[in-house]
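Structural features, examined
Letter by letter, the chains look like this.
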Amino acid sequence: MCGRSKEYGAVSSARSIKNPVLICSEILDRRKNVSSDCHSVPPLHLCSHGADDFARSVQPSLVCDNEDLMSDEARALWARQRKETEEWTLLE
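Residues numbered from 1 in each chain as written. Predicted model: local features only at pLDDT ≥ 70, side-chain atom pairs only at ≥ 80, totals over all residues. Heavy atoms only, no water.

When we look at burial in helix 2 (residues 48-58), the residues that qualify are Ser48, Ala51, Asp52, Phe54, Ala55 and Val58. Buried residues of helix 2, viewed axially, fall in a sector of 165 degrees; they line one side. Of the residues in helix 2, the exposed ones pointing more than 90 degrees away from the buried face are His49 and Ser57. Of the surrounding elements, those touching the buried residues of helix 2 are strand 1 (10-12), helix 1 (20-32) and strand 2 (45-47). (Buried < 20%, exposed > 50% of the residue type's maximum accessible area, 1.4 Å probe, protein only. Helix = DSSP H or I, 4+ residues; strand = E, 2+ residues; numbered from the N terminus. Arc of directions from axis to C-beta. Contact = heavy atoms within 4.5 Å.)

Considering soluble globular proteins, one finds that nonpolar side chains tend to be buried as a cluster. Membership of the largest hydrophobic core is limited to 12 residues, which are Val11, Ile17, Ile23, Cys24, Ile27, Leu46, Ala51, Phe54, Ala55, Val58, Leu62 and Val63. Listing elements by their share of this core, those giving two or more residues are helix 1 and helix 2. Ranked by residue count, the leading element in this core is helix 2, at four residues. (Core = buried A, V, L, I, M, F, W, Y, C linked by side-chain atoms within 4.5 Å.)

Attention shifts here to the pattern of salt bridges. With the rule as written, the count across this model stands at four salt bridges. Where Arg56 meets Asp53, a salt bridge forms, and the shortest distance between an N and an O atom there is 3.1 Å. Of this pair, Arg56 and Asp53 both sit in helix 2, three residues apart, which is roughly one turn of the helix. Judged by relative accessible area, Arg56 falls into the partly exposed class, the value being 42%. Its relative accessible area of 45% is what places Asp53 among the partly exposed residues. (Salt bridge = Lys/Arg side-chain N within 4 Å of Asp/Glu carboxyl O.)

Turning our attention to the side chain of Ser48. For Ser48, the location among the structural elements is in helix 2. Those residues in contact with Ser48 that sit more than four places away from it in its chain are Ser12, Ser13, Ala14 and Arg15.

Here we come to the confidence of the model for the protein chain. Averaged over the protein chain, the pLDDT score is 82; the fraction of residues at 70 or greater is 84%. Of all secondary-structure elements in the protein chain, the lowest mean pLDDT belongs to helix 3 (residues 72-91), at 84, while helix 2 reaches the highest, 92. (pLDDT = per-residue confidence, 0-100.)

Right, here's the structure in full:
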């Protein structure tokens with residue numbers, strides 16, 4: 001967000017963007033560089049596949065596999081919790 005103008009670019013529910021803030025900045029920059037024609041104004045907020053597709057088109061180096069966004073520690077915690085959940089399901 002630009003503090004002076006209150007303009008912003010936003011990304012939500014992205015599944016494969018390493019640094020969403022850089023993509024938000026790209027959205028904001030593209031909005032600043034358009035004419036006043038309302039039919040050509042880029043979006044302020046991209047979500048889910050739209051955000052991933054936009055990131056892939058403007059900065060492919062920021063796109064990765066979803067699994068790469070999780071640390072080894074988080075992956076181990078997830079696996080442990082999943083195993084416990086499966087065990088509870090079997091007990092029912």
